[in-house]
Amino acid sequence: MEPDDFVPGSIDNRQSDNDFYKKKGRIEIFSNIAILSLIFAVIFISFNLRLIAGFLVISGAALFVLISRKTSGLIQSVKESFLDISSSNEKKDDVISDFSHRIREPLNDLVIIADLLMASDLQKKQKELIETFIASTNNMVTTVNELTTESAGNLRFQTRKQIKYNILSTIQNTIELYSLKEKANIDFIFTKKDYYEYECQGDPIILKQIFLDLFHTIEVQNIDRPTKVTITLKKEKDSDHERNIGMRIQTDKNILMINEESGAGHLASKLIALSNGWFTQESGNDVTVLNIIMPFAYPVSEIKLPYGSDPGRAASAKKVHKELKDINILLVEDNLINQKITLLTLKPLVNSIDTASNGQEAIEKLTTSNYDMVLLDIQMPVMNGIKAAVKIREMEAGSDTHIPIIAVTANAMIGDREKCLSAGIDEYLAKPFQPAVLIERIKEIL
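Reading the values: rules and limits
- Residues numbered from 1 in each chain as written.
- Predicted model: local features only at pLDDT ≥ 70, side-chain atom pairs only at ≥ 80, totals over all residues.
- Heavy atoms only, no water.
- Pairing = 2+ DSSP bridges.
- Helix = DSSP H or I, 4+ residues; strand = E, 2+ residues; numbered from the N terminus.
- Axes fitted to C-alpha atoms, helices over the stretch in contact; angles between N-to-C directions.
- Buried < 20%, exposed > 50% of the residue type's maximum accessible area, 1.4 Å probe, protein only.
- Right-handed = clockwise from strand over helix to strand, strands pointing away.
- Parallel < 35°, antiparallel > 145°, perpendicular 65-115°, else oblique.
- Left-handed = near helix turned anticlockwise from the far one by under 90°.
- Contact = heavy atoms within 4.5 Å.
- Nonpolar A, V, L, I, M, F, W, Y, C, P; charged D, E, K, R; others polar.
- Salt bridge = Lys/Arg side-chain N within 4 Å of Asp/Glu carboxyl O.

Before going further, it helps to spend a moment on the sheet that holds strand E11 (residues 405–409). Judged by pairing direction, the sheet is parallel, and its five strands sit side by side in the order E9-E8-E10-E11-E12 without closing on themselves. Edge strands, defined here as strands with exactly one partner in the open sheet, are strand E9 (352–356) and strand E12 (427–430). Between one strand and the next, the sheet's axes are offset by a mean angle of 20°, whatever the strand orientation. Looking at chain direction, strand E8 (residues 328–332) and E9 are connected through five bridges and run parallel. Residue pairing for E9: leucine 331 is matched across the bridge by threonine 355.

Shown next, in the form of structure tokens:
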């Protein structure tokens, strides 16, 4: 992306845009130096070269603590400027997505390296520095996650690609996304059952925007204590082409969740109307109930559900249990630093890990070798992860084989998860993540 593509505007704004890219470029260079220093520190520790490793830990961590403060301020200022841009700006969604992706990649490397260093035998002073480094990284992660959440309310009203998704899964993911906020003050209770009955075809972003807007409206009215929010879904009368789903959102406070007169909740109201839905709202002394009914189109065809989301699938699939150390993994990642860090994470636990640099290379390797799992990046050259996943599922059509695919990606904007699952990917893991989370997801699918 060229500097002029950052935030289109007058000539007076171009200088500030260029200044932004210069600062970002310097931060990326220093971040790469810090990352490489810490990677080599982990390697030297494994060879018991502690003096050199200690020097690299101090140098890399100190450098990152210094630049992370500047980066946090830069992210915050960009976040505010993005959210102030008019919704008519046609490039805004792409700019926010690109910025989020570029920040999440190095953040993920830093989170994993910090975890590896904390598990190693460092001296007290070195561990204290790493702890400060972790705190700085966590602050940056929080800011980027909030950028993702808040940008949902500013997306353009447009016709997006209709995909297959599950309503229950989408609402659950929205709850998890909102809970990443630093000051989230909502206790959620969400009942999930009858998974099959909530599959549909459409735009999951609309549903996520509705719920995120409602959560924000509830959040700003929190005064003395956290708000308990109970969400239940109910199947209403179906038609020939669509199913009507009732969504009941109840709070343990008297909160006006949709107030069109004051503007609060206006986004949710507008999106419900645009989706040909309707709502009612009732309030009492210590309770408010919002009932939403919306039509959802039936899926065009049956989709393959993620492992773990369909209890019946695990029972019917013919799977041979393997221990983690015995599985054969194909890691598909075009960034060599990301490849190295993931290998450092998994090599102590998994004996056989092969790598590919893009989707096309992954397809070629899958035709000549047997793998128990694929860890798949999404944004890659030649062939991206979505196209690769679709191709893999096409290759499996008509056979009894099913290779579990986990998307490990910095594509973490609203709707990215559903795009992955719709393409036949079994599990989705957004960067940055803790190494233990990746290992746990792998174990769950095995």
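Turning next to the pairing of E8. Most of E8 sits inside the fold, with five of its five residues counted as buried. A two-sided burial pattern is seen for E8, the buried positions comprising Asn328, Leu330 and Val332 on one face and Ile329 and Leu331 on the other. With respect to chirality, the unit in which E8 leads through helix H9 (residues 336–346) into the neighbouring parallel E9 is right-handed. Pairing of E8 with strand E10 (residues 373–376) involves four bridges; the strand directions are parallel. From the neighbouring strand, leucine 330 faces E10, where its bridge partner is valine 374.

This brings us to unusual backbone geometry. Lysine 431 connects to proline 432 through a cis peptide bond whose omega is 0°. Its location among the elements puts proline 432 in the loop between E12 and helix H13 (435–445). Phi at asparagine 276 takes a positive value of approximately 65°, unusual for a residue other than glycine. As for its position among the elements, asparagine 276 is in the loop between helix H7 (266–274) and strand E6 (278–283). Looking at asparagine 276, the relative accessible area reads 61%, which means it is exposed.

With that out of the way, let us pick up the packing of helix H6 (residues 204–220) against H7. It is at 8 Å that the axes of H6 and H7 come closest, and there the two elements cross at 150°. When the interaxial angle is binned, H6 and H7 end up roughly antiparallel. Between H6 and H7 lies a crossing whose hand is left-handed. Residues Ile206, Gln209, Ile210, Asp213 and Leu214 of H6 lie in contact with H7, whose contacting residues are His266, Leu267, Ala268, Leu271 and Ile272. Here the contact of H6 with H7 is composed, by residue class, of seven nonpolar, two polar and one charged.

All told, the structure shown has 12 salt bridges when counted by the stated rule. For glutamate 396, the salt bridge goes to arginine 393, with nearest N and O atoms at 2.8 Å. Of this pair, glutamate 396 and arginine 393 both sit in helix H11 (residues 385–396), separated by three residues, roughly a single helical turn. For the pair glutamate 396 and arginine 393, one class covers both residues: buried. With its nearest N and O atoms 3.7 Å apart, the salt bridge here joins arginine 441 to glutamate 427. Of this pair, arginine 441 sits in helix H13 while glutamate 427 sits in strand E12, placing them 14 residues apart in sequence. The network of salt bridges with shared partners includes Glu105, Glu333 and Lys431.

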